There are 2 protein chains.
Amino acid sequence: MKYTYEYPRPALTVDVVAFSLQNQNLCVLLVARGEAPFAGMWALPGGFVNMDEDLESAAERELEEETGLRGAYLEQLYTYGAPERDPRGRVVSVAHFALVPSNEPVRTAGGSDASAAQWHPLNELPQLAFDHQEIVAYALRRLRYKLEYTAVGFELLPETFTLTELQQTYEIILGEELDKRNFRRRILQAGIIEATQQKRSGEGRPARLYRYRDDAVAEVKTRRLFP
Amino acid sequence: MKYTYEYPRPALTVDVVAFSLQNQNLCVLLVARGEAPFAGMWALPGGFVNMDEDLESAAERELEEETGLRGAYLEQLYTYGAPERDPRGRVVSVAHFALVPSNEPVRTAGGSDASAAQWHPLNELPQLAFDHQEIVAYALRRLRYKLEYTAVGFELLPETFTLTELQQTYEIILGEELDKRNFRRRILQAGIIEATQQKRSGEGRPARLYRYRDDAVAEVKTRRLFP
DNA sequence: CCAAAAGTGTTTGCTCTACACCCATGG
DNA sequence: CCATGGGTGTAGAGCAAACACTTTTGG
């Protein structure tokens, strides 16, 4: 490894794929691009990494600057570095994915950096700038995958929730229906949520509210089937 | 997103955690550092990304330059970007992990870039430069994890191998013994290897040689247990 | 013929799945 | 009292785990 100064450097950015449930739809947060290239198209929130900040902090900061969101669940996804992915020159982007509770308010009037942020249902996404389509597709695969063996689904719900709401969350993301009794039995057996004393009244019988136990182990040990 | 030129840029490197089995030990390939910082310590092979090359190509190239290895299985792992991880300044590194068949010869007399490459058993690793200890630990977790639900283990063996060799590979990496009959039944049922007509003679009864079927689906669909 | 490693089935227990009815509340 | 969603148990099938002896070769 030689000294760093001798080499030209790619620009380094972070992008964030933020998921949330809005009106029973799985949505991604997009911002409208104000400038070329891809002016007027939608893109993932993101921007340059500062010299003194962590990658995850950069992703957090960009998400907040462009959408007002704070404290969302955030995780590094993959780093995209194809030489031609940005027409302005070499830009390498560390993509993250974020999960936002559905009751979280998003500032859809833009902040300093972008014109406007908006939730877009996954099944009617517009064309996206750069390679962002590919990044979203990968983030979705990872979300589905993660949902099957970790407790990450709770990050999309408010602090307390009913079992039916939780089941609907899983159903929407996985795109298939689940059996109510099996769902409840297994999620309770896993010991990652606990009942509160409260109930929520609506139409019909009131439902008990549950809360995520943050002392729970997030990774559910998956049975090995290969060998 | 503004124009790229306005911002100072971190340096961008790739590092490679290359695993191989050597004398029944799971090993990592390390190079001895010639210069400060961390002169004389061991480090992961790696180096700067060129402006016109893919991240994965950069990892491949660095691995070849420093060790002579070509065509190994290679996959992006995680991007490390803590501001203080390199004392020379801000360096962000895209870590990869690689799997090298045990019969592959490594040029342990150094090439252009590094002084010497050597396999080091995982259970007696020396102190490593930078945050490379952490990177190796994460790569190992990922390798074990991947082994349980994908066919990636074959990448550590020569083109043909016996079932006993394959089982030993799994046992070494997972760090536990497996039942011979169950192992064979399952790996054959999975349909990812096929018998050849050859046998290998040694002490005792000759063993049939198998080969990886590259038309096989690499991901074994894991049964969901959550929910 | 002996040592060394290869190869081969069955039984038992557990976990997943499918499935239908009663309960509590609000209007 | 009726409509609405909440909550609960069981039987059958399929999969995983445990386990010991026979076969083939080389010396």
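Further up the page is the structure itself.
Cut-offs used in this document
- Sequence positions are assigned chain by chain, starting from 1 and proceeding in written order.
- Following the order in which they are written, the chains are lettered starting with A and the ligands numbered starting with 1.
- Where totals are concerned, whole chains, interfaces and linings use all residues; where local detail is concerned, this predicted model gives features only for residues with pLDDT of at least 70, and gives and counts side-chain atom pairs only at 80 or more.
- Each side-chain value is derived from all of the structure's non-hydrogen atoms; neither hydrogens nor water enter the calculation.
- Proximity criterion: a residue is near a molecule or strand once any of its heavy atoms comes within 4 Å of it.
- Two N or O atoms count as a polar contact when they lie within 3.5 Å, although within protein this holds only if one can serve as hydrogen donor and the other as acceptor, and sequence-adjacent residues are included solely when both atoms are side-chain atoms.
- Secondary structure elements follow DSSP: runs of H or I no shorter than four residues count as helices, runs of E no shorter than two count as strands, and numbering proceeds from the N terminus.
- Three classes are used: nonpolar for Ala, Val, Leu, Ile, Met, Phe, Trp, Tyr, Cys and Pro, charged for Asp, Glu, Lys and Arg, and polar for all others, with Gly counted as polar.
- Each salt bridge in this description consists of a side-chain nitrogen of Lys or Arg and a carboxyl oxygen of Asp or Glu lying within 4 Å of one another.
- Multiplying one less than the number of residues by 1.5 Å gives the expected span of a helix.
- Buried, partly exposed and exposed residues are distinguished by accessible area as a fraction of the type maximum, computed with a 1.4 Å probe on protein chains only: under 20%, between the cut-offs, and over 50%, respectively.
- What the arc measures is the spread of directions leading from the helix axis to the C-beta atoms.
- When DSSP finds two or more bridges between two strands, those strands count as paired.

Colleague: Help me out: how do you make sense of the protein's contact with DNA strand D in this one?
Modeller: Not every one of the 21 residues close to DNA strand D is listed here, only the nearest: Lys180, Gly204, Arg205 and Arg208 of chain A together with Arg205 of chain B. What you see for DNA strand D is that sugar and phosphate hold 39% of its atoms within 4 Å of the protein. At a separation of 3.1 Å, a phosphate oxygen of DNA strand D approaches a polar side-chain atom of threonine 164 of chain A. Here a base nitrogen of DNA strand D sits 2.7 Å away from a polar atom, N or O, in the side chain of lysine 180 of chain A. Contributing elements (two or more residues each) for the surface near DNA strand D: helix 4 (180-189) and strand 10 (207-212) of chain A together with helix 4 (180-189) of chain B. Considering only residue class, the surface near DNA strand D consists of four nonpolar, four polar and 13 charged.

Colleague: Help me out: how do you make sense of the pattern of salt bridges in this one?
Modeller: Oppositely charged side chains can form a pair if their charged atoms are brought close together. Considering all chains together, one arrives at 22 salt bridges over all chains under this definition. With a shortest N-O distance of 2.6 Å, aspartate 86 of chain B and arginine 88 of chain B are connected by a salt bridge. Residues participating in the shared-partner salt-bridge network are Glu53, Arg61, Glu62 and Glu65 of chain A.

Colleague: Looking at this structure, I do not really get helix 1 (residues 55-67) of chain A. What am I missing?
Modeller: Three or four residues apart is the spacing at which side chains of an α-helix point the same way, because the helix has 3.6 residues per turn. Residue and element names in this part refer to chain A. Along its 13 residues, helix 1 runs 18 Å from first to last C-alpha, staying within 8% of the 18 Å computed at 1.5 Å per residue. By the burial criterion, the buried members of helix 1 are Leu55, Ala58, Ala59, Glu62, Leu63, Glu66 and Thr67. All buried residues of helix 1 lie within an arc of 130° about the axis, which places them on one face of the element. After helix 1 finishes, the residue glycine 68 shows a positive phi value of roughly 80°.

Colleague: For this particular structure, what's the right way to read the pairing of strand 6 (residues 91-99) of chain A?
Modeller: A regular strand places its side chains so that they alternate between the two faces of the sheet. Residues and elements named next belong to chain A. Buried residues dominate strand 6, accounting for nine of its nine residues. Of the two faces of strand 6, the one lined by Val91, Ser93, Ala95, Phe97 and Leu99 and the one lined by Val92, Val94, His96 and Ala98 are each fully buried. One ladder, built from nine bridges, connects strand 1 (residues 11-22) with strand 6; its direction is parallel. By the bridge assignment for strand 6, threonine 13 is matched with serine 93. Inspection of the sheet shows strand 5 (residues 73-80) paired to strand 6 by seven bridges, in the antiparallel sense. In the sheet register, tyrosine 78 faces strand 6, and the bridge partner there is alanine 95.

Colleague: Would you take a moment to explain the pairing of strand 9 (residues 193-200) of chain B for this structure?
Modeller: All names here are of chain B. Pairing geometry for strand 9 and strand 10 (residues 207-212), over five bridges, is antiparallel. Note on strand 10: the bridge partner recorded for alanine 195 is tyrosine 210. Adjacent in sequence and paired antiparallel, strand 9 and strand 10 are bridged by six residues, among which glycine 204 carries a positive phi angle near 80°.

Everything listed is a geometric property; what it means functionally is a separate question.
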